[in-house]
Amino acid sequence: MIKLAILASANGTNAQAIIEAVRDGRLDADVRVVLTNKEDAGVISRAQKFGIPVEIVPSKGHRNRAEYDALVVAALEKYEVDTIALAGWMRILSEVFIDAYKGRILNLHPALLPSFKGATAIADAYSHGVRITGCSIHLVTLELDAGPVILQAAVPISGTVDELESQIHRMEHRIFPQALQWFAEGRISVQDRHVIVAPSAAKVRKTDFIEGCLVSPALEEKI
């Protein structure tokens, strides 16, 4: 079981999806804290509804990212976490943070990496006119949105940009708990940037097509 901290800057729907996966027995994790950099972030009330401790570390007024990240790491140390889920954490991590949890930070990005990096990925993909975009879960490295990819969902683009955003969010809620579960089971390894997911020891039902979206590797459900 992983000792998990969830970092989020906004509404917190992915944080809630992770917490609900734990509650429903789909994710072997102890969510020890939700940390945000925004005093009015929606994730605060979502965490409190489930009885999860909340830490607020405002990000304004610091000299640089390293100074701020040192405060975040100090806040997390109180909860003895060993794994970090960045679920809409709208800050670039410094070496201070990455060194503290190296190899144990998973990030959600709303595009099919390595395409459309950065904070405006959904709008960028839509305005660029690509036919397919999606979302990715990857391990975090010092280079922005460049770590090894664990799991992706491909979302066809149709309708408005708001409709696309809603579909991507639905897929995020499905793939992030799954990636964390593989991590919790110790099934993830990296070979030359390629993430290898070892076979499950339990009997599972695999699903790789959801709501018109392709998911790879396939999601698993114990049977």
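Cut-offs used in this document
- Residues numbered from 1 in each chain as written.
- Predicted model: local features only at pLDDT ≥ 70, side-chain atom pairs only at ≥ 80, totals over all residues.
- Heavy atoms only, no water.
- Salt bridge = Lys/Arg side-chain N within 4 Å of Asp/Glu carboxyl O.
- Helix = DSSP H or I, 4+ residues; strand = E, 2+ residues; numbered from the N terminus.
- Buried < 20%, exposed > 50% of the residue type's maximum accessible area, 1.4 Å probe, protein only.
- Core = buried A, V, L, I, M, F, W, Y, C linked by side-chain atoms within 4.5 Å.
- Contact = heavy atoms within 4.5 Å.
- Phe/Tyr/Trp six-rings, centres within 6.5 Å; stacked < 30°, edge-to-face > 60°.
- Pairing = 2+ DSSP bridges.
- Axes fitted to C-alpha atoms, helices over the stretch in contact; angles between N-to-C directions.
- 1 Å grid on protein atoms, 1.4 Å probe; cavity = no way out; pocket = protein on both sides within 12 Å on 5 of 7 lines; lining within 4 Å.
- Points joined across faces, edges and corners; volume = space filled by probe spheres on them.
- Nonpolar A, V, L, I, M, F, W, Y, C, P; charged D, E, K, R; others polar.

(A) How the structure looks around the pattern of salt bridges. The full count for this structure, using the stated rule, is 11 salt bridges. Salt-bridge contacts for Glu55 lead to Lys78; the nearest nitrogen and oxygen are separated by 3.0 Å. Note that Glu55 is positioned in strand S3 (residues 54-56) and Lys78 in the loop between helix H3 (65-77) and strand S4 (83-86), a separation of 23 residues in sequence. On the accessibility criterion, Glu55 (14% relative accessible area) is buried. Take Lys78: its relative accessible area is 57%, and that puts it in the exposed class.

(B) Region of the structure containing the nonpolar core. Within the largest apolar cluster, 45 residues are counted, with the highest numbers of intra-cluster contacts made by Leu4, Ile6, Ile18, Leu106, Ile150, Phe176 and Leu180. A total of 10 residues in this core trace back to one element, the largest contributor, which is helix H6 (residues 161-184). Setting aside its immediate chain neighbours within four residues, Phe176 contacts Ile18, Ala85, Leu86, Ala87, Leu106, Asn107, Leu108 and Ile137. Of all hydrophobic cores here, the second largest spans 21 residues; its members include Val33, Val57, Val73 and Ile105.

(C) Fine view of the environment of Glu211. Along the chain, the position of Glu211 falls in the loop between strand S10 (204-210) and strand S11 (213-222). Sequence separation between Glu211 and Arg170 is 41 residues; the distance between their C-alpha atoms is 9.3 Å.

(D) Just the packing of aromatic side chains, in detail. For the structure on display, the rule yields one aromatic pair. Note on Phe97 and Tyr101: the rings are 5.6 Å apart at their centroids and 45 degrees apart in plane angle, and the pair reads as tilted. Considered together, Phe97 and Tyr101 belong to a single accessibility category, that of buried residues.

(E) Looking closely at the pairing of strand S9 (residues 194-197). Inspection of the sheet shows strand S8 (residues 188-191) paired to S9 by four bridges, in the antiparallel sense. Bridging across to S9, Val190 finds its partner in Val195.

(F) Looking closely at the pairing of S11. Strand direction decides the pairing type here: strand S7 (residues 149-156) and S11, joined by three bridges, are antiparallel. Among the inter-strand pairings, Ala154 is bridged to a residue of S11, identified as Leu214. Pairing between S10 and S11: six bridges, direction antiparallel. Each residue of the ladder has a partner; that of Lys206, found in S11, is Glu220.

(G) How the structure looks around the sheet that holds S4. With respect to topology, nine strands assemble into an open sheet ordered S3-S2-S1-S4-S5-S6-S7-S11-S10, the strand pairing being mixed. Edge strands, defined here as strands with exactly one partner in the open sheet, are S3 and S10. Neighbour-to-neighbour, the strand axes of the sheet open up by a mean angle of 25 degrees, direction not taken into account. Sheet analysis places strand S2 (residues 29-36) next to S3, joined by three bridges and oriented parallel. Residue pairing for S3: Val34 is matched across the bridge by Val54.

(H) Highlighting the layout of surface pockets. By volume, the largest pocket is sized at about 800 Å³. Around the largest pocket, the lining comprises 35 residues; the ones closest to its centre are Gly88, Trp89, Met90, Leu108 and Pro110. Every element with two or more residues in the lining of the largest pocket is listed here: helix H1 (13-23), strand S5 (105-109), helix H5 (121-128) and H6. The volume enclosed by the second largest pocket comes to roughly 520 Å³. Residue lining of the second largest pocket: 20 residues in total, with Arg26, Gln178, Glu220, Glu221 and Lys222 positioned closest to the centre. Looking at the lining of the second largest pocket, the elements with two or more residues in it are H6, S10 and S11. For the lining of the second largest pocket, the element with the highest residue contribution is H6, accounting for six residues. Here the lining of the second largest pocket is built from residues that sort into five nonpolar, six polar and nine charged.

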